[in-house]
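Remarks on the overall topology
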There are 2 protein chains.
Amino acid sequence: MAGAVRREPLNRGRVLATAVQLADAIGIEALSMRRLAQELGVVPMALYKHVANKDQLLDGMVDAVLAEIDPVGDGPWREVVRARVLSARAALLRHRWAARVIETRPVPTAAVLAYLDSMAGAFRSGGLSVQLTHHVMHAMGSRLLGFSQELFEASGAGAPAPEFAAAFPRLAELASGGHDEASVVGGGCDDRFEFEFALDLLLDGFARLHGAGWAPPAGG
Amino acid sequence: MAGAVRREPLNRGRVLATAVQLADAIGIEALSMRRLAQELGVVPMALYKHVANKDQLLDGMVDAVLAEIDPVGDGPWREVVRARVLSARAALLRHRWAARVIETRPVPTAAVLAYLDSMAGAFRSGGLSVQLTHHVMHAMGSRLLGFSQELFEASGAGAPAPEFAAAFPRLAELASGGHDEASVVGGGCDDRFEFEFALDLLLDGFARLHGAGWAPPAGG
DNA sequence: ACCTGAACACCGTTCAAGT
DNA sequence: ACCTGAACACCGTTCAAGT
């Protein structure tokens, strides 16, 4: 107990793990280098010995989240892809800020590329041609990583306000009628159902094209 | 010429129009209230008479871009939706920052809701049930507005670097083989083709479900 | 009615030191 | 080798004035 307790020295892993937890807790927009330093009981500049700058911190945080996704499994390509995407989705739901950060990063990290590479491999191993796999990867887009941005938040409350229904009648009828009662506990909508609906629609489409011997359009 | 030239007074429209142009020119991340004020030859605080804060400025900019999208046309729902989505895509390509800002806004503006309402109306007018329209709107996600985030930029150069190909062989083969030569001028990939591939796959899937009398799953 | 100036509480980051 | 302190050039925004 003589003098201050000797802090265990920082390292990159501790910086990243703390950044992930802190972003989970306070949101990504509130995560600053200064706030993170404070959380670690350190002066802001101490972080720069372990992380080149804030961009590299964000990249490291993304990689930490990706590391939580299950590896590709065995079986028919459709099931392999489906299971992995849902595993990715589970990881991103544990860290709500991650989808936005991934979208925002200008250059993908090696871990993101490795993930995408393994997904392309799953389609190719299933027998899809290079060309079809290329288009399929684009068509999946962010769904490969288990997310797709929502243009309108589920917005909690069951029935829309009267002014809303008057101004946007088509949206209002969707909000009230989109799910049968059994699946809507307390109003709102079943995000997992919506995600799987689109995912399966896409996978069905890919399977159909593949089964029909899809080839690039002749003209160009 | 006696004294300073009298500046014409600011108004909300001029603030928003200048903000849109400035974001086109310098990028959204460089667009600050201070930089915009400078562009208008005015002190930063002058803006706050016409726009409550930066969030409201961004909302106004989004609405300005949405106003460039063609209204819904006449015809079969599939064609109506397809044409409108491609019109939205054209508007968003004119303002590359807009997709990111739309994704980022926590609450949709009235103009965004009106747009979505009209798209829901297009599906409903085509005879799709409320339930199917609900899922269809979710499945379209940001594609309703003509964009879908790319996890990897087309990344210009035709053939991937050798180190890349070694580390990510499945991605490398897609990069080189994804398009036939006629459609790939100078390497890279045809974004419009990819967008329409996914769009048509989804629309085909919706039409198939609708034609087959799709109803919500029995169990819940 | 519209614009200004100074100030506040924040950012990420550089540089030159401390132990 | 690792951490610190002071400083720089930025943010968005409030408040109290100016014309």
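As a starting point, this report considers the structure included with it. (Residues numbered from 1 in each chain as written. Chains lettered and ligands numbered in written order. Predicted model: local features only at pLDDT ≥ 70, side-chain atom pairs only at ≥ 80, totals over all residues. Heavy atoms only, no water.)

Some words on the overall build of chain A
Counting its regular elements, chain A contains 10 helices and 0 strands. Helices and strands in chain A line up, N terminus first, as α-α-α-α-α-α-α-α-α-α. Buried residues in chain A amount to 45% of all 220 residues. About 10800 Å² of surface is accessible on chain A, with carbon and sulfur atoms providing 55% of the total. (Helix = DSSP H or I, 4+ residues; strand = E, 2+ residues; numbered from the N terminus. Buried < 20%, exposed > 50% of the residue type's maximum accessible area, 1.4 Å probe, protein only. Areas by Shrake-Rupley, 256 points an atom, 1.4 Å probe, with all protein chains shown as cover.)

Re the environment of Thr18(B)
All names here are of chain B. Within the secondary structure, Thr 18 sits in helix 1 (residues 12-26). Accessibility expressed as a relative area gives 13% for Thr 18, which makes it buried. A C-alpha to C-alpha distance of 32 Å links Thr 18 and Met 140, two positions 122 residues apart in sequence. Excluding residues within four positions of it along the chain, Thr 18 makes contact with Leu 36, Glu 39 and Leu 40. (Contact = heavy atoms within 4.5 Å.)

Quick word on the nonpolar core
Membership of the largest hydrophobic core comes to 132 residues, with the highest contact counts inside it found for Leu57(A), Met61(A), Phe123(A), Phe206(A), Leu57(B), Met61(B) and Phe206(B). Those residues in contact with Phe123(A) that lie beyond four places of it in its chain are Trp77(A), Val81(A), Leu128(A), Thr133(A), Val136(A), Met137(A), Leu144(A), Leu203(A) and Phe206(A). (Core = buried A, V, L, I, M, F, W, Y, C linked by side-chain atoms within 4.5 Å.)

What about the interface of chain B and chain A?
Taken together, the contacts link 65 residues of chain B with 65 residues of chain A. In total, about 5600 Å² of surface goes out of reach between chain B and chain A, with carbon and sulfur atoms giving 67% of it. The largest share of the area that chain B buries against chain A comes from His138(B), Gln149(B) and Leu151(B), three residues that together contribute 13% of it. Here chain B and chain A share 2 salt bridges between them. We note a salt bridge from Arg124(B) to Glu173(A), for which the minimum N-O separation is 2.4 Å. Counted by class, the side of chain B that touches chain A contains 35 nonpolar, 18 polar and 12 charged residues. (Buried area = accessible area lost by both parts, 1.4 Å probe. Salt bridge = Lys/Arg side-chain N within 4 Å of Asp/Glu carboxyl O. Nonpolar A, V, L, I, M, F, W, Y, C, P; charged D, E, K, R; others polar.)

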